[in-house]
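Below are the chains, spelled out letter by letter.
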Amino acid sequence: DPEQIELATASKRKLRRFIVIDEVVDKLYGSKVREYFEENNVQHKILALPTTEETKSMDLVLNILHEVQNFSLDRRTEPIIAIGGGVCLDIVGLAASLYRRRTPYIRVPTTLLSYVDASVGAKNGVNFLQCKNKLGGYTPPVASFLDRSFIQSIPRRHISNGLGEILKMALMKHKGLFDLLKNHGKYLLDTKFQSCNGFADHGDAALQTTRIAIETMLEELAPNLWEDDLDRLVDFGHLISPELEMRVLPSLMHGEAVNVDMAFMTYVAHARGLLDAEEKEQILQCMRGLELPVWHSGCSWALIQRALRERLKHSGGQPRMPLPTGLGVAEIFNDTSEETLERAYELWVRD
């Protein structure tokens, strides 16, 4: 906003920023962040916190808000900056939405999962009563700054974890993205999504993959930012995974739990006759190639039933089950029988 820029530069008051950074990211990049603000003569407070699913709570939100209050933040001209993975971005987003009713904030994702998922959209939240993101709201950031160089320092398993959410968008909306993942998955894991020269056979697979994933996510989210329409293709992989993820913490990461859910739903789609055997196998082979789990012992039939009952409570009494009807195409279904689900589960466990 030109008026805000003029106000900020004309003011005699020193520029000030409050930054919340994940403590692991702080160890890797904290010195560069501090150097940046010092060189630009910005008064700053950097709060390094452990942001994990286990600490994703209102207690941590209140901890942030105490520090924000002590910093005497001006909510009109001084956005809070969140630097970290999806948990960090969610927590800071909720804290910002609560402070003075709404304080602007900026997302800087540092993991692949947060780069293609948490950086997009309006949602924020924390876990409550052992339920994932039970408390939260819809307050979009004023900006998301995307820098893939952060991803080079995260472990290979975290790359795979982020690929789970990218695969979700591929299966629901984009055959070309599915082909990119199928053909270049190992390369993306090996190079940690960095754009490398000298690999002409791969092109810039990292840039193409992340760009398409984000664009397809935006296509789905932008017209329905506040989820007024509960029929959402982006819910694929998120019917059973919230229950599973919280139940088995910390053995499954978010994208891994989503992929276990997607693997089961692939069997459901096959049991309904929506996917043929070859398409089902292509999806499972792609998942394995991305080093994602296609099954977990914690995903019992009882847990699936409980998760789907919980789904009905929060989706207007309908399951609203997104299922692939081919590679890169999908529909929402409300008529999947218990018998079909059980048959799919038995085949999944057998395989």
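Everything numeric in this text was worked out from a predicted model, so none of it was measured.

It is at 9 Å that the axes of helix α9 (residues 241-248) and helix α10 (residues 254-271) come closest, and there the two elements cross at 130°. Comparing their axes, α10 and α9 come out oblique. For the crossing formed where α9 meets α10, the hand is right-handed. Taken together, the residues of α10 that come into contact with α9 (itself represented by S241, L244 and E245) are H254, A257, V258, V260 and D261. A per-class count over the contact of α9 with α10 returns 4 nonpolar, 2 polar and 2 charged.

Moving on, we come to the environment of A213. Within the secondary structure, A213 sits in helix α8 (residues 205-221). Note on A213: relative accessible area 2%, which makes it buried. Along the chain, A213 and S97 lie 116 residues apart, while their C-alpha atoms are 27 Å from each other. Setting aside residues up to four positions removed in sequence, A213 forms contacts with V116, I166, M169 and L177.

This paragraph deals with the nonpolar core. In terms of nonpolar packing, the biggest core is built from 72 residues, with L167 and F264 touching the most fellow members. No other element matches the 11 residues that α10 contributes to this core. When we break this core down by domain, the ones giving at least three residues each are domain 1 (2-151) and domain 2 (156-196 + 203-223 + 232-350). Among all residues touching F264, those that are not within four sequence positions of it are I240, I304, L341, A344, Y345 and W348. Counting residues in hydrophobic clusters, the runner-up holds 25 residues, among them V68, F71, L73 and A118.

Conventions we followed
- Sequence order sets the numbering: in each chain, residues are counted from 1 along the sequence as written.
- Owing to the predicted nature of the model, reporting of local features is limited to residues with pLDDT of at least 70; listing and counting of side-chain atom pairs is limited to 80 or more, with chain, interface and lining totals taken over all residues.
- Where side-chain values are given, they derive from all heavy atoms of the structure, hydrogens and water being excluded.
- Each axis is a line fitted through C-alpha atoms, taken for helices only over the stretch in contact, and angles between the N-to-C directions span 0 to 180 degrees.
- We count a stretch as a helix when DSSP gives it H or I for four or more residues in a row; a strand needs E for two or more, and each element gets its number in order from the N terminus.
- Relative orientations are named as follows: roughly parallel for angles under 35 degrees, roughly antiparallel for angles over 145 degrees, roughly perpendicular for angles from 65 to 115 degrees, and oblique for any other angle.
- With the far helix as reference, a near helix turned anticlockwise by less than a right angle produces a left-handed crossing, and one turned clockwise produces a right-handed crossing.
- Any two residues whose heavy atoms approach within 4.5 Å are treated as being in contact.
- When residues are sorted by character, Ala, Val, Leu, Ile, Met, Phe, Trp, Tyr, Cys and Pro go into the nonpolar class, Asp, Glu, Lys and Arg into the charged class, and all the rest, Gly among them, into the polar class.
- Each residue's exposure class comes from its accessible area (1.4 Å probe, protein chains only) as a fraction of the maximum for that residue type: buried when under 20%, exposed when over 50%, partly exposed otherwise.
- To qualify as a nonpolar core, a set must consist of buried Ala, Val, Leu, Ile, Met, Phe, Trp, Tyr and Cys residues joined through side-chain atoms within 4.5 Å.
- An automatic or database domain assignment provides the domain bounds reported here.

Remember that the coordinates give geometry; whether it matters functionally is a separate question.
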